[in-house]
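The chain contents come next:
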Amino acid sequence: MQTPRSQYEGMCQRAATDGKAIRDVLDRVGDKWSLLVIGTLSGGALRFTELQRHIPGVSQRMLTLTLRQLERDGLLTRTAFAEVPPRVEYELTSIGRTLIEPSVALASWAIANHPDIEIARAAYDAR
């Protein structure tokens, strides 16, 4: 095995399972809606419609799919209350809450660097 060129590459090379773990998690949180859901739920539990109102552009279908995947991964819980009308709330788990800080850091990086990325894209496309 070659000497890793970076700390990240080294983590991926430690064991086949480490690389798979990184890809699995990045696949989940790197989709279009997961980090927005996590960031929105960082303020506490919300019902589906409240959550949808806080995430502009997300369709009911995509929010449903995203919530199911995040629940499946153990990042949030879905609690159904036996009331009329039925009430369901979503809340981050302890593992899900550990994603808040890295999510905010990534979002801050994206906002700070997006103008330069747009300039680079335009220059590339002009070639």
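The structure presented is a predicted model; accordingly, all values stated were derived computationally and were not measured. (Residues numbered from 1 in each chain as written. Predicted model: local features only at pLDDT ≥ 70, side-chain atom pairs only at ≥ 80, totals over all residues. Heavy atoms only, no water.)

A closer look at the sheet that holds strand E2 (residues 76-81)
Going by this rule: The pairing criterion is simple: DSSP has to find at least two bridges between the two strands. The helix count covers DSSP runs of H or I at least four residues long, the strand count covers runs of E at least two residues long, and both are numbered beginning at the N terminus.
Within the open sheet, the three strands sit side by side as E1-E3-E2. Their pairing is antiparallel. Lying at the two open borders of the sheet, with one neighbouring strand each, are strand E1 (46-47) and E2.

Looking at helix H3 (residues 34-41)
Formally: Accessible area is worked out with a 1.4 Å probe on protein chains only. A residue is then buried under 20% of its type maximum, exposed over 50%, and partly exposed in between. By construction, the arc corresponds to the directions joining the helix axis to the C-beta atoms.
For H3, the set of buried residues is Ser34, Val37, Ile38, Thr40 and Leu41. Along the axis of H3, the buried positions cluster into a sector of 165 degrees, meaning they face one direction only.

Considerations on the layout of surface pockets
Put simply, the rule reads: A 1.4 Å probe that fits but cannot get out identifies a cavity on a 1 Å grid over protein atoms alone, an open set with protein on both sides within 12 Å along at least five of seven lines counts as a pocket, and a residue lines either if it has an atom within 4 Å of a point. Grid points are joined across faces, edges and corners, and a volume is the space filled by probe spheres set on the points. Only Asp, Glu, Lys and Arg are considered charged, only Ala, Val, Leu, Ile, Met, Phe, Trp, Tyr, Cys and Pro nonpolar, and every remaining residue, Gly among them, polar.
Each pocket or cavity is described by its volume, and for the largest pocket that value is around 240 Å³. Lining of the largest pocket is provided by Val29, Asp31, Lys32, Leu35, Leu36, Gly39, Ser103, Val104, Leu106, Ala107, Trp109 and Ala110. Broken down by secondary-structure element, the contributors of at least two residues to the lining of the largest pocket are H3 and helix H7 (100-126). For the lining of the largest pocket, the leading source of residues is H7, giving six residues. Here the lining of the largest pocket is built from residues that sort into eight nonpolar, two polar and two charged.

Comments concerning the pattern of salt bridges
This is how the line gets drawn: Note on definitions: salt bridges are taken to be side-chain nitrogens of Lys or Arg within 4 Å of carboxyl oxygens of Asp or Glu.
The tally for this structure, following the rule as stated, stands at six salt bridges. The residue Asp73 makes a salt bridge to Arg28 at a minimum N-O spacing of 2.7 Å. Of this pair, Asp73 sits in the loop between helix H5 (60-72) and E2 while Arg28 is found in helix H2 (residues 16-29), placing the two residues 45 residues apart along the sequence. A relative accessible area of 34% means that Asp73 is categorised as partly exposed. Residue Glu89 pairs with Arg87 through a salt bridge whose shortest N-O separation is 2.9 Å. Given the relative accessible area of 22%, Glu89 is considered partly exposed. On the accessibility criterion, Arg87 (18% relative accessible area) is buried. Taken together, the shared-partner salt bridges in this structure form one network comprising Arg28, Asp31 and Asp73.

Observations regarding the packing of H3 against H5
Here is the rule: With axes taken as lines fitted to C-alpha atoms, and helix axes fitted only over the stretch in contact, angles between N-to-C directions fall between 0 and 180 degrees. We call two directions roughly parallel when the angle between them is under 35 degrees, roughly antiparallel when it is over 145, roughly perpendicular when it lies between 65 and 115, and oblique otherwise. We call two residues in contact when some of their heavy atoms are within 4.5 Å.
At a minimum axis distance of 10 Å, the contact between H3 and H5 shows a crossing angle of 75 degrees. When the interaxial angle is binned, H3 and H5 end up roughly perpendicular. Where H3 abuts H5, its residues Ser34, Val37 and Ile38 lie against Leu63, Thr66, Leu67 and Leu70.

Concerning the nonpolar core
This is how the line gets drawn: In these notes, a set of buried Ala, Val, Leu, Ile, Met, Phe, Trp, Tyr and Cys residues joined through side-chain atoms within 4.5 Å is what counts as a nonpolar core.
In this structure, Val37, Leu41, Leu51, Leu63, Leu67 and Leu76 are the most contacted members of the largest nonpolar core, which totals 18 residues. Mapped by element, the contributors of at least two residues to this core are H3, helix H4 (48-54), H5 and strand E3 (87-92). Leave out the neighbours within four places in its chain, and Leu76 touches Val37, Leu41, Leu67, Leu70, Glu71, Tyr90, Glu91, Leu92 and Thr93.

Overview of the confidence of the model for the protein
Our working rule: What pLDDT reports is the predictor's confidence in each residue, on a scale of 0 through 100.
For the protein, per-residue confidence averages 89 on the pLDDT scale, and 90% of positions sit at 70 or higher. Mean pLDDT in the protein bottoms out at helix H1 (residues 7-14), which sits at 65, and peaks at H5, which reaches 97.

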